[in-house]
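Structural characterization, general
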Amino acid sequence: MLWIMRFSGFFSAAMVMIVLSPSLQSFPPAEAIRSSHLDGNLRSPVQTPVADHSRDRFSFRKASAFRNAEECSFGERKILGKTGVCDPSLVHVAITLDVEYLRGSIAAVHSILQHSLCPESIFFHFLVSETNLETLVRSTFPQLKFKVYFFNPEIVRNLISTSVRQALEQPLNYARNYLADLLESCVRRVIYLDSDLVVVDDISKLWTTRLESRTIGAPEYCHANFTKYFTAGFWSDRGLSGTFAGRKPCYFNTGVMVIDLVRWRRYGYTKRIERWMEIQKSDRIYELGSLPPFLLVFAGHVAPIEHRWNQHGLGGDNVRGSCRDLHPGPVSLLHWSGSGKPWLRLDSKQPCPLDALWAPYDLFGHPH
Ligand SMILES: *[C@@H]1O[C@H](CO)[C@@H](O)[C@H](O)[C@H]1NC(C)=O
């Protein structure tokens, strides 16, 4: 229901734009009929985004052009004669494109390009499950190197249990578990990023993080109470909680991860995560959605990354209107994890102070 309400907000915004935008008045009547149809159709959320995507491409302004700096042409570029996605000099970034969070994803990409010395050396891997958004990405970022991958929601639908927070149960939230299968095998490393963040530093610094012998890297929070991520039943069952034996598990946020895809594929981590999801379906060992299986498999085996790369929690907690401050220390990435999203708060004219740091990357709206 919440999902439908949010989507309906997005939809109203699109309608307002059509009314206000003179260049869209030449819309064929068929489109108008289809959109009024849509309104009565909101009870079928699977259909709605598909019907709506014809409008999406009009909803974002074109980003300004970006170019590599002089320095970027040195180094190992094209040494092996590889081009396209297999070019070994590329920085690979994976982001989901979900209709509900599209504005956030576009802002995230925009922020990455703006702060990169070598923006043309970044390859984006977009994961979608509802609609083909390729045209929208192409028109917003004409020179962008990217590929769109269809993530079949059926892959996880049977593995997802009901959760206290519906928003965490969107199948696309689980797509990060399938990057090793989805991306070309020549892609050996990828940075996975959530859609509710902006990068305010050169992402190549995150890219060159040393993972040593670890499969994933992320900022760790060892002072957080790790116990609370799992149920009492989980902790009292030695067969289950014994999985943490010999590890010092710490909480980490799965919204920013550097992933060694070669190791991931070699050790079959996708299956390991799926196995925990199957246990969850029958035993209910945690309350949240896609995070706990990652904690179960990786906590204590994570290559630590500086906390500046995930200043999370800016969405606030579940109390309406609550705002969070930054954690002490430098900032390379701002993450609006939590229930509030900056674009919604800005639109409702009730922003948190830090939402102003997201606004410059927003490309939503039609050019004047
Ligand atoms: C951690 O959380 C658990 C479960 O919520 C609680 O029982 C425990 O007292 C907490 N530990 C600390 C040190 O706060």
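Above: the structure in question.
Keep in mind the model is a prediction, meaning the values are calculated, not measured. (Residues numbered from 1 in each chain as written. Predicted model: local features only at pLDDT ≥ 70, side-chain atom pairs only at ≥ 80, totals over all residues. Heavy atoms only, no water.)

Digging into helix α12 (residues 269–283)
Across its 15 residues, α12 extends 21 Å between first and last C-alpha, which sits within 8% of the 21 Å expected from 1.5 Å per residue. The elements touched by buried residues of α12 are α6 (154–157), α7 (179–182), α9 (232–236), α10 (238–241), α11 (261–267) and α13 (291–298). Residue Arg-284 follows α12 closely and has a positive phi angle near 50 degrees. (Helix = DSSP H or I, 4+ residues; strand = E, 2+ residues; numbered from the N terminus. Expected span 1.5 Å × (residues − 1). Contact = heavy atoms within 4.5 Å.)

Some points on the sheet that holds strand β6 (residues 216–218)
If you trace the seven strands from one edge of the open sheet to the other, you get β3-β2-β1-β4-β9-β6-β10, paired in mixed fashion. Because the sheet does not close on itself, it has two edges, and the strands there are β3 (145–150) and β10 (303–304). By the bridge criterion, six bridges tie strand β1 (residues 91–96) to strand β2 (residues 122–128) in an arrangement that is parallel. Note on β2: the bridge partner recorded for Ile-95 is Phe-126. Running at roughly 160 degrees to β1, helix α4 (residues 102–114) makes contact with β1, β2 and β4 (189–193) of the sheet. (Pairing = 2+ DSSP bridges. Axes fitted to C-alpha atoms, helices over the stretch in contact; angles between N-to-C directions.)

A look at the packing of α12 against α13
Two elements in contact, α12 and α13, have axes separated by 9 Å at closest approach and are oriented at 120 degrees. Considering their axes alone, α12 and α13 lie oblique with respect to each other. Handedness of the crossing formed by α12 with α13: right-handed. Residues Tyr-269, Arg-272, Ile-273, Trp-276 and Met-277 of α12 lie in contact with α13, whose contacting residues are Pro-293, Phe-294, Leu-296, Val-297 and Phe-298. (Parallel < 35°, antiparallel > 145°, perpendicular 65-115°, else oblique. Left-handed = near helix turned anticlockwise from the far one by under 90°.)

Topic: the pattern of salt bridges
Considering all chains together, one arrives at 14 salt bridges under this definition. When the shortest N-O distance is used, the salt bridge between Glu-120 and Arg-67 registers 3.3 Å. Highlighted residues: Glu-120 in the loop between α4 and β2 and Arg-67 in the loop between α3 (48–56) and β1, separated in sequence by 53 residues. Judged by its relative accessible area of 23%, Glu-120 falls in the partly exposed class. Note that Arg-210 is salt-bridged to Glu-212, the shortest N-O span being 3.2 Å. The same class applies to Arg-210 and to Glu-212, which are both exposed. Connected via shared salt-bridge partners are Asp-201, Lys-205, Glu-306 and Arg-308. (Salt bridge = Lys/Arg side-chain N within 4 Å of Asp/Glu carboxyl O. Buried < 20%, exposed > 50% of the residue type's maximum accessible area, 1.4 Å probe, protein only.)

Considerations on the side chain of Ser-290
Among the structural elements, Ser-290 can be located in the loop between α12 and α13. The class for Ser-290 is buried, based on a relative accessible area of 10%. In this view, Ser-290 contacts Asn-173, Tyr-174 and Arg-176; residues no more than four positions away in its chain are not counted.

Focus: the nonpolar core
In this structure, Leu-179, Phe-230, Phe-252, Ile-259, Trp-264, Leu-295 and Phe-298 are the most contacted members of the largest nonpolar core, which totals 49 residues. Per element, the largest residue contribution to this core is six residues, and it comes from α13. Beyond its immediate stretch of four places on either side in the chain, Leu-295 contacts Phe-226, Tyr-229, Phe-230, Phe-244, Arg-247, Cys-250, Tyr-251 and Phe-252. In terms of nonpolar packing, the next biggest core, distinct from the first, is built from 40 residues, Phe-126, Leu-136, Phe-141 and Val-199 among them. (Core = buried A, V, L, I, M, F, W, Y, C linked by side-chain atoms within 4.5 Å.)

Describing the state of the cysteines
With the rule as written, the count across this model stands at four disulfides. Bridging Cys-72 to Cys-118, the disulfide has an S-S length of 2.0 Å. Judged by the torsion about the S-S bond (-90 degrees), the Cys-72/Cys-118 disulfide is left-handed. Within this pair, whereas Cys-72 is found in the loop between α3 and β1, its partner Cys-118 is found in the loop between α4 and β2, the two being separated by 46 residues in sequence. Judged by relative accessible area, which is 9%, Cys-72 ranks as buried. Exposure remark for Cys-118: the relative accessible area of 23% places this residue in the partly exposed category. The residue that forms a disulfide with Cys-222 is Cys-250, at a sulfur-sulfur distance of 2.0 Å. Judged by the sign of its S-S torsion, about 100 degrees, the cystine formed by Cys-222 and Cys-250 is right-handed. Of this pair, Cys-222 sits in the loop between β7 (220–221) and α9 while Cys-250 sits in the loop between α10 and β8 (251–252), and the two are 28 residues apart along the sequence. Note on Cys-250: relative accessible area 7%, which makes it buried. (Disulfide = S-S within 2.5 Å.)

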